[in-house]
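Structural overview for review
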Amino acid sequence: HPRGRRANHISATATVPASVRVGIAPSASHRGVPVRAPSAFSVARTRQLGGARIVPTARRVRRSASASVAPAAAMNTASSTGRCLTIQSHVVSGYVGNKCAVFPLQLHGFDVDPILSVQFSNHTGYGSWKGEVMTGEQLQSIVEGLESNGLLEGYTHVLTGYIGSASMLRTVARLVRKLRQLNPALVYVCDPVLGDNGKLYVPAELVGIYRDDIVPLATMLTPNQFEAELLTGVTIATESDALGACQALHEAGPASVVLTSLDLEEDADEPADGGDPADDAKKGLGNPHLRSHQSHITLLGSTSTPQLGGCSKRFRIVVPRIPSYFTGTGDLCAALLLAWSAKIPDRLGNAAEKAVASLQGVLRRTAAAQAEAEASGKSGIGCRELRLVQSVDELLRPEVDEGARVAWLE
């Protein structure tokens, strides 16, 4: 787990950038260990490096050291798509958090710099796990290291997901403010990972920090139903409730809000699955937090930004529920919303349609792989890990199902 420790300064008698002279390698104790450049660089004789002659003299070393910050800062220029700092969880095995975000964003042309809010062996859906949680102090140390080298400049986007501690969440808020000072046009996509199905995943004090410090900074907010209820105090059971929650969040700061994985009541007198209302009552489907047996999931979006191409500011997308349980879908959805809204600016509904189609494509491929694994006698949660690497076509060129197209709302 990176602890944000500063590497020791090591001199090298060669006229090459610091990044060539010294590397950082992880040791068994997880500390950054300085690695010296080859010893040939420390002898006073001429060598060839990439076709350039190197004459290592003391005078030339002093000149290069005084100008070493400028090349480092220049390396942080954005790609044609953008440069994204993504702060969320990491697992060695499996796909949640940054493991769901970095690869799709890179496929879409972003330079991606991940910070790991936790580093675990595997996600917590398994029976056990090992690892560490980053603190606000450790994050601040990393930020200071980036800033001292001019590397905070150049970010066009920030994406945040699971943050496990109050100190780190407050540090994230300070970081976003700093980045926005450097780039007033910074786009901050916040997935406020708090919980789901009526259960908190994080300490309760984080709800207030999100509401007071984080939400006002966000450009786009992507909560699920339970998280939107926590942040607004609005109970969401119908589409009207969901739109009201979006409006409340707009007033708090974010120009765009996308409510993911909504289970909405279609009609007070109609059972959720077309069966007997008494059966629904036994299943708990009258409670919006427990309506997990619906055959469809609703995504609802709203933006206060003027839209292009005749697109409405409010929209709905309904997709069939795939009959399995997957982890990392919210993390992937937030990353895809960032990627597609950058490719299709000022048309949030169209961008969301592409993002949802990509997500559904990945889930279908994962479900097929799960079925194949189970048919061969394998079982367990590992069979349900997202097949991201196998889904490049779905991530880049998703096919939008006719029944899952965006519907514009008045």
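Residues numbered from 1 in each chain as written. Predicted model: local features only at pLDDT ≥ 70, side-chain atom pairs only at ≥ 80, totals over all residues. Heavy atoms only, no water.

In terms of nonpolar packing, the biggest core is built from 48 residues, with Val172, Tyr188 and Tyr210 touching the most fellow members. Residue assignment for this core shows that the elements contributing at least two residues are strand E5 (82–91), helix H5 (136–148), helix H6 (166–182), strand E9 (187–190), helix H7 (205–214), helix H8 (225–232), helix H9 (239–252) and strand E13 (256–262). When neighbours within four sequence positions are excluded, Tyr188 is seen to be in contact with Val158, Thr160, Val172, Val176, Arg180, Ile214, Leu217, Ala218, Thr219 and Met220. By size, the runner-up hydrophobic cluster in this structure holds 40 residues, among which are Val112, Val258, Ile322 and Cys333. (Core = buried A, V, L, I, M, F, W, Y, C linked by side-chain atoms within 4.5 Å. Buried < 20%, exposed > 50% of the residue type's maximum accessible area, 1.4 Å probe, protein only. Helix = DSSP H or I, 4+ residues; strand = E, 2+ residues; numbered from the N terminus. Contact = heavy atoms within 4.5 Å.)

Turning next to the pairing of E13. Of all 7 residues in E13, 6 are buried, a share of seventy percent or more. Pairing of strand E12 (residues 220–221) with E13, which is carried by 2 bridges, proceeds in the parallel orientation. Considered in E13, the bridge of Met220 is made with Ser256. Pairing geometry for E13 and strand E14 (residues 296–303), over 5 bridges, is antiparallel. Paired with Leu262 across the two strands is Thr298, which belongs to E14. (Pairing = 2+ DSSP bridges.)

The final tally for this structure, using the stated rule, is 2 aromatic pairs. Their ring planes at 35° and their centres at 6.3 Å tell us that Phe120 and Trp129 sit as a pair that is tilted. Between Phe315 and Trp408, the ring centres sit 6.3 Å apart and the planes meet at 80°, which makes this aromatic pair edge-to-face. Of this pair, Phe315 sits in strand E15 (residues 314–320) while Trp408 is found in strand E16 (residues 407–409), placing the two residues 93 residues apart along the sequence. Judged by relative accessible area, which is 36%, Trp408 ranks as partly exposed. Positioned above the aromatic ring of Tyr95, the side-chain terminus of Lys99 is 5.1 Å from the ring centre. The residue whose ring lies beneath Lys343 is Trp340, and the NZ or CZ to ring-centre distance is 5.4 Å. (Phe/Tyr/Trp six-rings, centres within 6.5 Å; stacked < 30°, edge-to-face > 60°. Lys NZ or Arg CZ within 6 Å of the ring centre and 35° of its normal.)

What follows covers the sheet that holds E15. Ordered by their spatial adjacency, 10 strands build an open sheet running E7-E6-E5-E8-E9-E12-E13-E14-E15-E16, and the pairing between neighbours is mixed. The outermost strands of the open sheet, each flanked by one partner alone, are strand E7 (131–133) and E16. With 7 bridges joining them, E14 and E15 adopt antiparallel strand pairing. Within E15, the residue paired with Leu300 across the bridge is Arg316.

Moving on, we get to the environment of Thr124. Secondary-structure assignment places Thr124 in the loop between strand E6 (110–120) and E7. Using a relative accessible area of 46% as the deciding quantity, one classes Thr124 as partly exposed. Each C-alpha atom of the pair Thr124 and Val91 lies 9.6 Å from the other, and the pair is 33 residues apart in sequence.

Moving on to the side chain of His123. By the secondary structure assignment, His123 is in the loop between E6 and E7. A relative accessible area of 6% places His123 in the buried class. Here Thr327 takes part through its side chain, which lies 3.3 Å from a polar atom of the side chain of His123. Excluding residues within four positions of it along the chain, His123 makes contact with Val91, Ser93, Val96, Thr327, Ile381 and Glu385. (Polar contact = N/O pair within 3.5 Å; in protein donor to acceptor, adjacent residues only side chain to side chain.)

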